[in-house]
Amino acid sequence: MNDRERIDAVLACAALDRRLGGILLLDLAPHRLVEVAGRLAGLLGEGRQVRVLGSAATEEDLWARLRPAPGGRSWVVDGLVAGYGRPAGVVAVPDLATMSTAAARAAVMLVGAEVAHLERTGQQVSWRPEDRWLAACRREDVGRVSPHVLDRFAIRVDAANLSTARFDALEALPLAGRALPDLSAGAAGRVVEVLAGHARGARRDLGLARLARGMAALAGADTVLAEHVDVAARVMGLLAAPEVVAAPVPGERVVRRAGQELAVPRALPAERAGDAAGRVRDEPERLAPVVVAAPDVPDAVGGPGSPYPEDEVGDGRAPSTLTLVWQRALPGTWGHGHVIGDRQAHEVRDIAVVPTLLKAATQQARRCGPGHVRSAHPLHLTASDLRSHRRAPQPRRLLALVLDHTSGRQGEWYDAIGPYLRWAYAARATVSVVEVGDADAADELCAAAFTARSLLDPRVAAAFERRPGRATPLAHGLSLVAETLQRETQQGNAAVTDALLIVVTDGRGNVPLAASRSRRRPERVGREGVEDALEVARKIGRLNRVRSLVLDPGPRTAAHLTADLADALRATLLPGAGRDG
Amino acid sequence: MPERHPLLPYSYLVGQEALRRGLEIAYVMPSVGGILISGERGTAKSTAVRSFARMMYGELPVTLPINATDDRVMGGLRIDALMRGDTEEQPGLLEQAGEQGVLYVDEVNLLDDHIVNLILDVVSTGLLVVQREGLDKPAIPVTFTLVGTMNPEEGTLRPQLLDRFGLLVPISAETSAETRNEVLKTVLRFDVERAKERSGWLEDGAALDRAHRERIAAAREAARGMPVREELTILCARIAAEFELAGHRGEIVMAQAARALAALEGREGVGEEDVAGVAPYAIMHRRREVAYGEGIAWTGEDARRLRKVLSGP
């Protein structure tokens with residue numbers, strides 16, 4: 001099958017089965033998606049609509065666009081994805097990687113769901129979602145998409161070579177009346193076999209099985225067999241394509257596996273349609289034997305060309321979050337960031353005019369009385385009507401420094417970390433400094449931390465000039481910086497998009513974490529301080545959006561401790577200026 | 001009359017025993033204070049909650065979706081009536097949940113902080129006060145079982161909200177080939193059966209659910225009068241102390257959940273095995289480390305510590 005045929009077969013399956021509601025076309029050029037979506041809408045039925053979700057879609061666009069009707073007597077609800085009270089359509093997402101947070105949240109709620117609920121602005125509706133979501137995304141960008149969203153798009157098809165093929169010229173497929181066949185035990189087993197070791201929850205299994213069922217339905221089978229699973233797996237790129245030798249009837253090819261032949265729908269031709277009563281033909285024709293080159297073992301999922309590129313090791317870019325951002329009231333940031341919604345206004349700044357007028361519109365008749373509609377005067381507006389914009393935060397960057405003053409050679413740090421300090425200055429990064437082993441610390445068992453708005457804060461320069469103390473509460477220092485990184489980058493209201501952690505230490509922590517927290521001097525000093533530091537470092541190593549560097553202070557005894565710490569942090573080890581090679 | 005949203009019968013759910021038992025405990029003993037189900041994607045969290053609610057309450061749970069606005073959560077005035085110039089009150093989800101007895105929050109960690117605060121206000125005081133949009137209603141006593149599901153990949157919850165869930169059940173995807181196979185066959189059969197005018201398979205499932213409901217309802221009755229021996233309340237307190245739980249809610253929930261488990265297992269009294277069976281779910285989200293943003297998990301080391309406490313001083 002060429003790309004168009006494979007995609008058309010998948011679209012036909014999706015039209016047959018509403019549960020195939022999330023399809024991701026990998027490497028499809030965004031401008032082609034609407035055409036493909038139009039084909040799916042056509043397969044769903046006459047007059048079905050395609051709704052396009054771009055990167056600017058807000059909650060209001062999606063769920064409840066209020067349109068006061070002429071005369072102010074009524075209003076219209078026309079949310080893009082609010083699928084109740086209308087026939088199933090197609091929701092097209094031209095680029096999954098740049099989809100707005102609101103749209104991503106909607107996808108998580110709707111794609112493949114049995115029930116959807118809308119509880120917004122006086123509306124209370126529940127319905128069974130039937131829209132089919134069709135998205136495109138470049139393979140290299142898949143890592144930026146929330147895994148939660150990707151999971152909803154379990155059906156994947158490579159569309160890289162779909163350059164000029166036209167979908168709008170395809171013939172109609174008579175899909176009405178086709179019943180879904182039963183799944184055989186062999187087919188269920190084959191699904192599990194094909195996705196062996198790569199299951200990420202049940203949706204991939206179910207997606208492949210339902211696609212196979214769709215293929216079986218298109219082929220007129222009354223039972224889904226393992227061979228149908230193989231066909232679906234090949235369409236998705238989970239199995240290598242077989243060598244095709246003969247095309248026995250127009251639009252149908254025959255492949256064979258394990259001694260059996262199987263008719264594969266290319267794109268269901270009109271002559272293979274069900275009869276007038278809606279029944280489908282009993283069996284596809286079985287014709288000449290063919291040579292099959294398809295292996296029985298699945299190709300490596302997650303490898304090059306895999307339909308699940310997110311399973312590969314990431315490129316370091318963190319996936320987007322679905323949590324609504326909390327607007328930080330940083331000085332000078334009002335009115336920055338793009339609009340992602342609105343909320344009750346608490347100040348007369350950045351007022352969202354249209355939502356405010358719409359809110360006020362609901363109260364006009366009550367405020368003005370029965371003559372309101374006939375009278376020509378401005379809206380009655382009160383303070384409680386005011387809505388302000390909810391804006392995406394400006395991307396922020398964070399430089400986190402852990403300075404172990406007991407590791408010596410402070411003066412030589414500058415050269416090694418100079419480029420990163422310049423980056424922090426240029427990016428106007430917030431600087432969080434954790435100091436370990438300062439001779440003048442209030443409590444030598446504890447590390448100390450402060451956060452500066454920029455590198456120019458004089459406290460940052462002073463932190464490079466401390467005298468070394470006797471104790472090295474490295475584990476405590478790392479736990480402090482872990483809290484900061486967690487808070488700034490991981491929580492739902494995080495606004496930091498890029499955090500750089502630089503640890504300058506020889507790794508010889510000699511204060512256990514419990515001793516720092518209890519502020520009780522340990523009875524003896526063993527490896528506990530080092531082990532605690534490594535344990536905390538491993539937790540930091542698992543954080544997203546954090547890049548880590550460890551500065552090696554140079555040749556010394558137990559030099560491996562720094563390397564161990566770098567390993568635990570998954571950090572790059574930088575040779576310090578003291579290292580003479 | 002076909003259902004508008006037919007769901008898989010609860011009795012046909014495959015695997016996820018801890019999740020199902022947690023839901024049953026939260027129903028049998030409402031004073032446990034609800035349940036939070038934390039699991040990776042595709043683990044049937046929502047399906048289980050909805051199927052359970054339909055089995056026990058005869059309808060879908062009152063559901064607070066992540067796109068809810070505050071007027072629908074708290075209650076307000078009907079907008080269509082307002083447009084006509086009339087004022088008609090519209091009860092909010094919290095009030096509806098009080099009537100049904102359960103509030104289900106899907107993807108609870110994706111809720112807007114503002115909505116979380118509204119829920120916390122009502123859950124902690126047991127009173128719903130609606131003073132907005134010109135309404136000034138007297139406080140309504142509201143109690144419900146809070147059921148939440150979340151995918152921890154999207155971040156965790158604030159400790160205040162975590163603590164409001166009596167139990168936390170972490171679940172993971174079923175990985176055995178046998179179970180995955182069974183899930184596939186069940187779900188795809190359900191797809192086919194639900195489209196039929198009449199399905200014997202679904203009728204059988206409904207009958208199983210009715211029997212299941214009667215057993216759980218009987219357990220709820222039995223749990224009410226079930227005493228907890230003093231040595232077991234002391235055991236709960238010792239476990240809480242061992243794990244340095246914040247506050248006392250952990251040990252109280254542990255004792256209440258142990259009663260529910262004993263009743264569900266058909267025992268006449270609460271035993272140590274019941275406390276051991278529920279302790280991890282009452283403990284793991286109340287440990288101090290959670291406040292530091294560290295992951296919520298039950299490790300082998302935790303199990304060893306629990307066994308040590310259970311084996312006596």
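Predicted model only: the values in this text are computed from it and were never measured.

Caption draft 1: Region of the structure containing the sheet that holds strand β21 (residues 572-575) of chain A. All names here are of chain A. The strand order across the open sheet built from six strands is β18-β17-β16-β19-β20-β21, with neighbouring strands paired in mixed fashion. If you trace the sheet from one side to the other, it starts and ends with β18 (448-452) and β21, each paired once. Between one strand axis and the next, the sheet turns by 20 degrees as a mean value, whatever way the strands run. Two elements, strand β16 (residues 396-404) and strand β17 (residues 430-436), share seven bridges in a ladder whose sense is parallel. Counterpart to A400 in the pairing with β17 is S432. Packed on one face of the sheet, helix α11 (residues 413-426) meets β16, β19 (496-504), β20 (546-552) and β21 and runs near 160 degrees to β16. Where helix α16 (residues 560-569) meets the sheet, its contacts fall on β19, β20 and β21, and the angle it forms with β20 comes to roughly 175 degrees.

Caption draft 2: Representation of the interface of chain B and chain A within the structure. Contact with chain B, which involves 50 residues of that partner, is made by 66 residues of chain A. When chain B packs against chain A, the two sides together hide about 5100 Å² of surface, and 55% of this comes from carbon and sulfur. Across the chain B-chain A interface, the total number found is eight salt bridges. A salt bridge links R41(B) to D151(A); its shortest N-O distance comes to 4.0 Å. Connecting chain B to chain A are 16 residue pairs in polar contact (both at pLDDT 80 or more). Of all elements in the fold, only α3 (70-74), α4 (79-84), α5 (93-100) and α8 (177-193) of chain B reach the threshold of two or more residues within the side of chain B that touches chain A. By residue number, the principal contributor to the side of chain B that touches chain A is α8(B), which donates 10 residues.

Caption draft 3: Inspection of the sheet that holds strand β2 (residues 62-64) of chain B at higher detail. All names here are of chain B. Ordered by their spatial adjacency, five strands build an open sheet running β2-β5-β8-β1-β9, and the pairing between neighbours is parallel. Lying at the two open borders of the sheet, with one neighbouring strand each, are β2 and β9 (167-171). Shown here is a sheet whose adjacent strand axes are inclined to one another by a mean of 20 degrees, direction ignored. Here strand β5 (residues 102-105) runs beside strand β8 (residues 145-150); their pairing, made up of four bridges, is parallel. Of the residues in β8, the one forming a bridge with V105 is G148.

Caption draft 4: The arrangement of the packing of helix α1 (residues 17-28) of chain B against helix α2 (residues 45-57) of chain B in detail. Residues and elements named next belong to chain B. At a minimum axis distance of 11 Å, the contact between α1 and α2 shows a crossing angle of 40 degrees. When the interaxial angle is binned, α1 and α2 end up oblique. Judged by the twist between their axes, the crossing of α1 over α2 is right-handed. Each of L19, L23, E24 and Y27 in α1 lies in contact with α2, whose residues at this interface are K45, A48, V49, F52, M56 and Y57.

Caption draft 5: The arrangement of a nonpolar patch on the surface in detail. Together, V353(A), L357(A), L379(A) and L381(A) give the surface a local cluster of nonpolar side chains, amounting to about 330 Å² of exposed area. Note on placement: L357(A) falls in helix α9 (residues 353-361).

Caption draft 6: Molecular detail of helix α15 (residues 528-541) of chain A. Relative to the 20 Å expected for 14 residues at 1.5 Å per residue, α15(A) spans 20 Å between its end C-alpha atoms, a close match to the ideal helical length. All of the buried residues in α15(A) are G529(A), V530(A), D532(A), A533(A), L534(A), V536(A), A537(A), I540(A) and G541(A).

Caption draft 7: The packing of aromatic side chains, seen in detail. Residues and elements named next belong to chain B. For the structure shown, the criterion picks out six aromatic pairs over all chains. A centroid spacing of 6.1 Å and a plane angle of 80 degrees characterise the contact between Y27 and F52, whose relative ring orientation is edge-to-face. Remark: F52 occurs in helix α2 and Y27 occurs in helix α1; sequence separation between them is 25 residues. Residues F243 and W298 carry aromatic rings whose centres are separated by 5.5 Å and whose planes lie at 35 degrees to one another, so their mutual orientation is tilted.

Caption draft 8: Structural context of the confidence of the model for chain A. Residues and elements named next belong to chain A. Confidence in the prediction for chain A averages 78 pLDDT; 74% of positions are at 70 or higher. Residue range residues 243-303 is modelled with pLDDT below 50. Its contacts to residues more than four positions away, or to other chains, number 127 contacts. Across residues 326-334 the pLDDT falls below 50, and counting only partners more than four positions away or on other chains, this stretch makes 17 contacts in the model.

Caption draft 9: Representation of the pattern of salt bridges. In the structure shown here, the tally under the stated rule is 56 salt bridges over all chains. For E119(A), the salt bridge goes to R72(B), with nearest N and O atoms at 2.8 Å. With E119(A) in strand β6 (residues 116-120) and R72(B) in helix α3, this pair bridges two chains. Taken as a pair, E119(A) and R72(B) share a single burial class, namely buried. E17(B) is the salt-bridge partner of R20(B), the closest N and O atoms lying 3.5 Å from each other. In this pair, R20(B) and E17(B) both sit in helix α1, three residues apart, roughly one turn of the helix. Given the relative accessible area of 54%, E17(B) is considered exposed.

Caption draft 10: Up close: the side chain of N67(B). Here N67(B) lies in the loop between β2 and α3. Once residues within four sequence positions are removed from consideration, N67(B) is found in contact with E59(A), W63(A), M109(A), H117(A), L118(A), E119(A) and R120(A).

Conventions and cut-offs
- Residues numbered from 1 in each chain as written.
- Chains lettered and ligands numbered in written order.
- Predicted model: local features only at pLDDT ≥ 70, side-chain atom pairs only at ≥ 80, totals over all residues.
- Heavy atoms only, no water.
- Pairing = 2+ DSSP bridges.
- Helix = DSSP H or I, 4+ residues; strand = E, 2+ residues; numbered from the N terminus.
- Axes fitted to C-alpha atoms, helices over the stretch in contact; angles between N-to-C directions.
- Contact = heavy atoms within 4.5 Å.
- Buried area = accessible area lost by both parts, 1.4 Å probe.
- Salt bridge = Lys/Arg side-chain N within 4 Å of Asp/Glu carboxyl O.
- Polar contact = N/O pair within 3.5 Å; in protein donor to acceptor, adjacent residues only side chain to side chain.
- Parallel < 35°, antiparallel > 145°, perpendicular 65-115°, else oblique.
- Left-handed = near helix turned anticlockwise from the far one by under 90°.
- Patch = residues over 30% accessible without salt bridge, like charges linked within 9 Å, V, L, I, M, F, W, Y side chains within 5 Å.
- Areas by Shrake-Rupley, 256 points an atom, 1.4 Å probe, with all protein chains shown as cover.
- Expected span 1.5 Å × (residues − 1).
- Buried < 20%, exposed > 50% of the residue type's maximum accessible area, 1.4 Å probe, protein only.
- Phe/Tyr/Trp six-rings, centres within 6.5 Å; stacked < 30°, edge-to-face > 60°.
- pLDDT = per-residue confidence, 0-100.

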